[in-house]
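Summary of the model geometry
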Amino acid sequence: MNYIDLNDRQREALLHTEGPLLILAGAGSGKTKVITNKIAYLIEEKKVFPSKILAITFTNKAANEMKERVRSLIDVDVDAMWIGTFHSICVRILRMNIERINYTSNFSIYDRDDQITVVKESIKELNLNKDVYKPRGVLEIISKSKNEDIKPDEYINQNYMDFYARNMGEVYALYEKKLKENNALDFDDLILKTVELLERDEEVRNYYRQKFEHVFVDEYQDTNTSQYKLIKLFCRENPNITVVGDNDQSIYKWRGADISNILNFEKDFKNAKVILLEQNYRSTSNILTVANEVIKRNSDRKDKKLWTDKDGGSDVVFMEYRTSIEEEKGVIEKILHMNYKGYNYSDMAILYRTNAQSRGFEEMLVREKIPYKIIGGLRFYDRKEVKDIIAYLRAIQNPSDDVAITRIINVPKRGIGLSTVEKLNAYASENNLSLFEVINTLEENDQLNLRSKKNIKEFSNLMNLLISHKDELKISDLIEKILYESGYIKDLETENTVEARTRIENIKEFGSTAVSYENDNELGTLEDFLSGVSLLSDVDKTEDSERGVKLMTLHAAKGLEFKVVYLVGLEEALFPTSRALESDDDIEEERRLCYVGVTRAEERLFITAAQTRTLYGKTNPTLRSRFIAEMGNTIEIVEPQNKIDTASKNLVEVKDLTTYKPSKVTQSFMPKKTETEKKESLNVSVGDKVAHKKWGEGMIVSKTEKGDDFEIVVSFDGKGLKKLMMSFAPLTVVK
DNA sequence: ATTTGTTCTTGTCGG
DNA sequence: AAGAACAAAT
C-alpha cells in the first residue's frame, strides 16, 4: 500500500496512531480518505486486529462507503470491524446485553410517528387538553430532556411551580412508562440505554473498552450530549480516538447536536493533537471564495480558510426572479442549457431549504421530460402501506408493542372501530395488561357487544397464527402470509384504483427488500431486519448510480458533491428560515447551512431567489436573503431574461398580491368592510422603510395576513426584530 | 350503537 | 396531509 497520495497534513493525521486526535476537516478536504487510509495503515502496518476497530458515522451510507474504501485499500474482512451509525452500533450492543437493564432483547424501536402516538395517548389519559399541550411540542420537550439526561421526576421537580411545564413532565413520565411496558425504545433511548448499560455494568463496560482499541468518530460536530457520553464510555486512559469534523458544517442543533463538543475537544481529551485540513479538492476557487466570504461572518468558530490550487473557474451567478414560478422555470431552462453544454443531468442538483419547495421544480421537470430524482421528501418507508406491514412484523416480534397492535387492529377494516379500541385500551391500563393480552382473554370482558367480540376474536386468531409461524418462516414468506391471511392485498385489489395499485407495488418492493436482506444475511433474524429498516435515514435510501437531476434539502446534501449546483430560494424568512430571524445563534446555523450548500458545487454554482413566493396557495412578497449581500462582489448578479425589471412595476405587482385574496369567510360575511379597512390601514409592503414611536426607524421584513389585519415584522435599526399588528402599530412611512 | 365515509379545518422547517 | 366534525350506512 502506498500513502504518497496524501498531502502533508493528511499524512500527519495518518501517522498519529497513539492518543486522541482531532481532525478539523473543511468541506471537500478528503476526510474520508484520511480515515480509511488510517484504518488500513493500522491494520497493515501496526498489525491491529480488524475486530478492535470501531468507526462511528451518522448515516449507513457513510458507513458502507467507509467499508468499501477500506476493502479497496487492503485485503481484510471488513465485516469484522465495527463500522456503523451511532444507532446501529447501540442496537447491536443492546440486543446482546439489554437484559441486564430489565428489557427483553426483542424490543421494538419507535420512530417519530410512534412517539407522537404515545404522547397523544398519554395526554389523553392524563385528561389534558391536546390543544394546550400540543403533542409535537411536548415531544420536543421530552426529547430535549432525554438528551440532557433529565429524568421525568427531575423535570417535574425542576418545574414544580410552573403548572404547564409540570404537566408536560407528567406526560413525559407516562410516556416513559408506556414505552417500558411496550418493551420499546425510541431513537434517543438507543443511545441513552447504551450509556446507562455501560455506566452501570462494569463487566460490559470493560469488555467494550478492551475490544475497541481504536475509535473513530465522523461528523463529530453533530454529536449530542448523550452521544458524547457514549464516546467517553468507550474510551480508556489516553484513548486512541480520532474524531473528524467541521464546526462550520454543524447544522443539526435542532436535533440536539452540541457544537461545543468539537470546540472543547482539546479540553476533554488531554494531550490531544489537532490537525487542520484546509486544502479543498472539490471546488473551483471562485466557489470557495464565496463560501469563505459567507462563513467568516460567524463569530463562534475555529478559524479555518479553504484554499485550492485549481483555477478560478466560472463566476458564481445570482439570479433573482419576479415570482417563484419564474424561478422554477428559470432554473429548469438553465438545466437544459447546461445539459446542452455537456453536463449530464446526473451531475446537477437543486438544493432548497424546505421540502415544500420541491413540488414546483418537480412539475417543471416532468413537463420538460428531464429525468430527476427527489431525495428525502415522502420516503418509501414512510408510506402508509409499508408502515402497516412493518407494524404487523413488529407486533409479531414483540406482542407487547401496543402502538403496533393499535395500528393494525383495524387494518384492513375488520369492524373494530374507535370506541371498541378505546374500551380495550381502558381495560388494558386498568388491569396493567398489554393490548394483546386483553385481546387474548376476551371472555372476561363484559363491556363489549357480541359483534365486536367476534371481530376481535378473529383478529387475535390471525395474530396467534402469524406468531406461531414466526420462527419457521423466512421473513419474505412471513410477509406474504401476513398479506394473504389478513386480507390486506385482497382489500387493495378490490379497491382497484390507481392509488391502490401503486400501494400493491410498494408492498411488493418492500417484499423484495426482505428477500435481498435474506440473501445478504443468511442468519439474519426478524429483529435484525426490523432494526435495519427503522434505522435507515433518508440519504441511505438513494443509490449513487441513480440517473437524473437530484432534488434535495440542504440538510440531505451534506457530504455530497455535484458538478453543477442550483441553490434556490435565497430569501429572508425562507433561507434563513423565519424561525431563525430573531436569534443570532440560529442565524449562524442558517449561515453554516448556506456554507454547506455552496461547498457542494464542484464547477458551477447558480444561486436564485424570487421576489414573490407562492406557498400553500398563498402568495407573499419576499426580501432578498441577507446571505446574498454577505457574498458581496464574490458573486455576479445576472438579470434573468424573463424578469420585468422596472422598479415601479414591481411595486405595483407586490401591492396587488398582498391585498389580493381575503379568506373565503371574510369575503362572504363582510366583503365591503374588509375592503375599506384594508384600504384605510397603512399601505406598506416588504422592503419599505417605516418609523415607530418607540423603536425608531426600521425596514419591513415580512407581512402576513391575520384575519382582517396584517401581521408585519419590522427590523428596527439597532433594536432587532419586532412583530406588530399593522392596524395597532403607531407606524409612519419613511420616504 | 357503532363503524365507515365525507367534508372541512388546520397547521406550516429540518433527519 | 392529517385530524375533527358531521352524515350515512350497517
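Residues numbered from 1 in each chain as written. Chains lettered and ligands numbered in written order. Predicted model: local features only at pLDDT ≥ 70, side-chain atom pairs only at ≥ 80, totals over all residues. Heavy atoms only, no water.

1. A few points about the pattern of salt bridges
Note the following rule: The salt bridge criterion pairs a side-chain nitrogen of Lys or Arg with a carboxyl oxygen of Asp or Glu, the two atoms within 4 Å. By the criteria applied, helices consist of DSSP H or I runs no shorter than four residues and strands consist of E runs no shorter than two, each listed in order from the N terminus. Note on exposure labels: buried denotes an accessible area under 20% of the residue type's maximum, exposed denotes more than 50%, and partly exposed covers the range between, all computed with a 1.4 Å probe on protein chains only.
The full count for this structure, using the stated rule, is 47 salt bridges. The partner of Glu422 in a salt bridge is Lys124, with the nearest N and O atoms 2.7 Å apart. Of the two residues, Glu422 sits in helix H19 (residues 418-430) while Lys124 sits in helix H5 (residues 112-125), which places them 298 residues apart along the sequence. Overall, Lys124 belongs to the exposed group, its relative accessible area being 51%. Residues Glu176 and Lys146 are paired through a salt bridge, measuring 2.9 Å at the closest nitrogen-oxygen approach. Taken together, the residues Glu176 in helix H8 (residues 163-181) and Lys146 in helix H6 (residues 135-147) connect sequence positions 30 residues apart. Judged by relative accessible area, Lys146 falls into the buried class, the value being 3%.

2. Details of the pairing of strand E12 (residues 549-553)
One face of the sheet, then the other: side chains in a regular strand alternate in exactly this way. The condition that has to hold: By this definition, two strands are paired if DSSP reports at least two bridges between them.
A large share of E12 lies buried, amounting to five of its five residues. Residues Val549, Leu551 and Thr553 of E12 are buried on one face, and the alternating residues Lys550 and Met552, pointing to the opposite face, are buried as well. As paired strands, strand E10 (residues 348-352) and E12 are joined by four bridges and run parallel to one another. The residue bridging Tyr352 from the neighbouring strand is Thr553, located in E12. Sheet analysis places strand E11 (residues 372-374) next to E12, joined by three bridges and oriented parallel. Pairing of Tyr372 across the sheet is with Val549, part of E12.

3. Comments concerning H5
Rules: To estimate how far a helix should reach, multiply one less than its number of residues by 1.5 Å. In what follows, residue pairs with any heavy atoms lying within 4.5 Å of each other are defined as contacts. Two N or O atoms form a polar contact when they lie within 3.5 Å of each other; inside protein one atom must be a possible hydrogen donor and the other a possible acceptor, and for residues adjacent in sequence the pair counts only when both atoms belong to side chains.
Compared with an ideal rise of 1.5 Å per residue, which puts 14 residues at 20 Å, H5 spans 20 Å between its outermost C-alpha atoms and is within 8% of the ideal. Three or more residues of H5 are buried, namely Asp114, Gln115, Ile116, Val118, Val119, Ser122 and Ile123. Considering only its buried residues, H5 is in contact with strand E4 (108-110), H6, H8, strand E5 (184-186), helix H17 (384-397) and helix H18 (402-408). Between a side-chain oxygen at the N-terminus of H5 and the backbone nitrogen of Asp113 the separation is 3.1 Å; the capping residue is Asp111. After H5 finishes, the residue Asn127 shows a positive phi value of roughly 55°.

4. Here's the deal with the environment of Gly415
For Gly415, the location among the structural elements is in the loop between H18 and H19. Spatially, the C-alpha atoms of Gly415 and Asn455 are 6.4 Å apart, while their sequence positions differ by 40 residues. Once residues lying within four places of it in the same chain are set aside, the contact partners of Gly415 are Asn410 and Asn455.

5. Details of the confidence of the model for chain A
Low-pLDDT portions of the prediction should not be read for the details of their coordinates. The criterion, for reference: The predictor attaches a confidence to each residue, called pLDDT, with possible values from 0 through 100.
Here chain A shows a mean pLDDT of 83. Residues at 70 or above account for 84%. No element of chain A has a lower mean pLDDT than helix H30 (residues 664-669), at 25, and none a higher one than strand E6 (residues 214-217), at 95. The model gives residues 643-681 a pLDDT under 50, and that stretch makes 38 contacts with residues more than four places away or in other chains.

6. Some remarks on the sheet that holds strand E1 (residues 21-25)
Note the following rule: Axis lines are fitted to C-alpha atoms, over the contacting stretch for helices. Their N-to-C directions set the angle, which ranges from 0 to 180 degrees.
Strand order in the open sheet formed by six strands is E3-E2-E6-E7-E1-E8, and the pairing between neighbours is parallel. Each edge of the open sheet carries a strand with a single partner, namely strand E3 (82-85) and strand E8 (273-277). For this sheet, the mean inter-axis angle between neighbouring strands, taken without regard to orientation, is 15°.

7. Focus on helix H16 (residues 358-367)
Short version of the rule: The arc in question is traced by the directions running from the helix axis to the C-beta atoms.
The complete set of buried residues in H16 reads Ser358, Gly360, Phe361, Met364 and Leu365. Within H16, the buried residues cover an arc of 165° as seen down the axis, which keeps them to one side. Residues of H16 that are exposed and angled more than 90 degrees away from the buried face: Arg359 and Arg367. Two residues or fewer past H16, Lys369 is found with a positive phi of approximately 55°.

8. Re the environment of Phe510
Within the secondary structure, Phe510 sits in helix H24 (residues 498-520). Residue classification places Phe510 among the buried positions, given a relative accessible area of 0%. Remark: the alpha-carbon pair of Phe510 and Phe380, spanning 130 residues in sequence, is separated by 8.8 Å. Not counting residues within four places of it along the chain, the set of residues in contact with Phe510 comprises Phe380, Tyr381, Val386, Ile389, Ile390, Leu393, Ile479, Phe529 and Val533.

9. Notes on unusual backbone geometry
The peptide bond linking Val411 to Pro412 adopts the cis configuration, its omega dihedral lying at -5°. Checked against the element boundaries, Pro412 lands in the loop between H18 and H19. Note that the residue after Phe575, namely Pro576, is joined by a cis bond; omega there is 5°. Along the chain, Pro576 turns up in the loop between strand E13 (562-567) and helix H27 (584-598). One non-glycine residue, Asn271, lies in the positive phi region at around 60°. If you trace the backbone, Asn271 turns up in the loop between helix H13 (265-268) and E8. The exposure class assigned to Asn271 is exposed, which follows from its relative accessible area of 68%.

10. Side note on the side chain of Asn410
Structurally, the position occupied by Asn410 is in the loop between H18 and H19. You can call Asn410 buried: its relative accessible area is 18%. Here the side chain of Asn410 touches Gly415 through a polar contact of 3.3 Å, landing on its backbone nitrogen. Leaving out residues up to four positions away in the same chain, Asn410 has contacts with Gly415, Ile416 and Gly417.

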